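# Tertiary structure, described
The residues making up each chain are set out below.
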Amino acid sequence: MDCDEVMLTVRITAGERALLRALARGHGGDVSEVAVDGLLEVIPALHDDASVLPLRRVLARPAPCAVTLWLPSPVADLLPLLGERIARTAGPAAGPASAALSAALRLWLAGDGAVLADGLRRIHGGCAGGRDAVVRSGAARSEPAYAAA
């Protein structure tokens, strides 16, 4: 039986969760849709083993909050491949595909909230709210960027 969507739980920080929710409020309120947009932006950038280093850094940081997401099957199908790439460079302790999802989402959320909101607004054809919703919510990322670490 084929499913149109796959439910996965990701682990992120409280700050990342607040930013994700603020971005979702600015774009129709669907956290899963915003997460998918972010994944589609970040996963293609992880095209070789060297680009996995930022994901490994993300996996090394604690993530106490659980968020359940619904992903379209084609996006969920990318996660085992990403998980394999991480395991190949970080070893089998890197974890399952849900860990790859968490790492990729956290890597995307490490960007500037206003820039992320602008990108989402472009993806969704100028959806109202975007940047202003993130700024008004006070959801600003306070952790250092993973890629720069």
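Anyway, here's the lowdown on the structure attached to this text.

Further remarks concern the overall build of the chain. Secondary structure summary: the chain contains eight helices and two strands in total. Ordered by position in the sequence, the α and β elements of the chain form the string β-α-α-α-β-α-α-α-α-α. Burial status across the chain gives 44% buried among its 149 residues. Residue pairs in contact within the chain that sit at least 24 positions apart in sequence constitute 83% of those at least 6 positions apart. Surface exposure of the chain reaches about 7500 Å², of which carbon and sulfur atoms provide 56%.

Along the polypeptide, Val52 turns up in the loop between α2 (31–42) and α3 (53–60). On the basis of relative accessible area, Val52 is assigned to the buried category, the value being 0%.

Another aspect to go through is the side chain of Ser73. Position of Ser73 relative to the elements: it lies in helix α4 (residues 73–76). Take Ser73: its relative accessible area is 15%, and that puts it in the buried class.

Let's shift gears to the pattern of salt bridges. Throughout the structure, instances matching the rule amount to two salt bridges. A salt bridge links Glu16 to Arg106, with the shortest nitrogen-to-oxygen separation between them at 2.8 Å. One end of the pair, Glu16, is in helix α1 (residues 14–25); the other, Arg106, is in helix α6 (residues 97–109), and 90 residues separate them in sequence. Judged on exposure class, the residue Glu16 and its partner Arg106 are both buried.

What follows is about the nonpolar core. Core analysis: the largest hydrophobic core is formed by 35 residues, its most contacted members being Leu23, Leu55, Leu105 and Trp108. A total of eight residues in this core trace back to one element, the largest contributor, which is α6.

Turning next to the packing of α1 against α2. Contact geometry for α1 and α2: axes closest at 8 Å, N-to-C directions at 105°. In terms of axis orientation, α1 runs roughly perpendicular to α2. The segment α1 lies against α2, with Leu20, Arg21, Leu23 and Ala24 engaging Val31, Val34 and Ala35. Residue classes in the contact of α1 with α2 are distributed as six nonpolar, no polar and one charged.

On the surface, a cluster of nonpolar side chains totalling about 260 Å² of accessible area is made up of Leu40, Leu78 and Leu81. Along the chain, the position of Leu78 falls in helix α5 (residues 78–90).

For α1, with 12 residues, the first-to-last C-alpha span of 16 Å sits near the 16 Å given by 1.5 Å per residue. For α1, every residue scored as buried is listed here: Glu16, Leu19, Leu20, Ala22, Leu23 and Ala24.

Moving on to helix α7 (residues 113–123). Along α7, the positions that sit buried rather than exposed are Gly113, Ala114, Leu116, Ala117, Asp118, Gly119 and Leu120. N-cap assignment for α7: the residue whose side-chain oxygen lies 3.1 Å from the backbone N of Ala114 is Asp112. Count one or two residues on from α7 and you reach Gly125, which has phi positive near 70°.

Quick look at a negative patch on the surface now. A cluster of acidic side chains, namely Asp4, Glu5, Asp30 and Glu33, defines a negative patch on the protein surface. Its place among the elements puts Glu5 in strand β1 (residues 5–12).

With that out of the way, let us pick up the environment of Leu105. By secondary structure assignment, the location of Leu105 is in helix α6. A sequence separation of 65 residues divides Leu105 from Leu40, and the C-alpha atoms of the two residues are 9.8 Å apart. In this view, Leu105 contacts Val10, Ile12, Leu20, Ala35, Leu39 and Leu69; residues no more than four positions away in its chain are not counted.

About the thresholds
Residues numbered from 1 in each chain as written. Predicted model: local features only at pLDDT ≥ 70, side-chain atom pairs only at ≥ 80, totals over all residues. Heavy atoms only, no water. Helix = DSSP H or I, 4+ residues; strand = E, 2+ residues; numbered from the N terminus. Buried < 20%, exposed > 50% of the residue type's maximum accessible area, 1.4 Å probe, protein only. Contact = heavy atoms within 4.5 Å. Areas by Shrake-Rupley, 256 points an atom, 1.4 Å probe, with all protein chains shown as cover. Salt bridge = Lys/Arg side-chain N within 4 Å of Asp/Glu carboxyl O. Core = buried A, V, L, I, M, F, W, Y, C linked by side-chain atoms within 4.5 Å. Axes fitted to C-alpha atoms, helices over the stretch in contact; angles between N-to-C directions. Parallel < 35°, antiparallel > 145°, perpendicular 65-115°, else oblique. Nonpolar A, V, L, I, M, F, W, Y, C, P; charged D, E, K, R; others polar. Patch = residues over 30% accessible without salt bridge, like charges linked within 9 Å, V, L, I, M, F, W, Y side chains within 5 Å. Expected span 1.5 Å × (residues − 1). Polar contact = N/O pair within 3.5 Å; in protein donor to acceptor, adjacent residues only side chain to side chain. Lys, Arg positive; Asp, Glu negative; His and termini not counted. Charge placed at Lys NZ, Arg CZ, Asp CG, Glu CD.

Worth remembering: the numbers are spatial, not functional.
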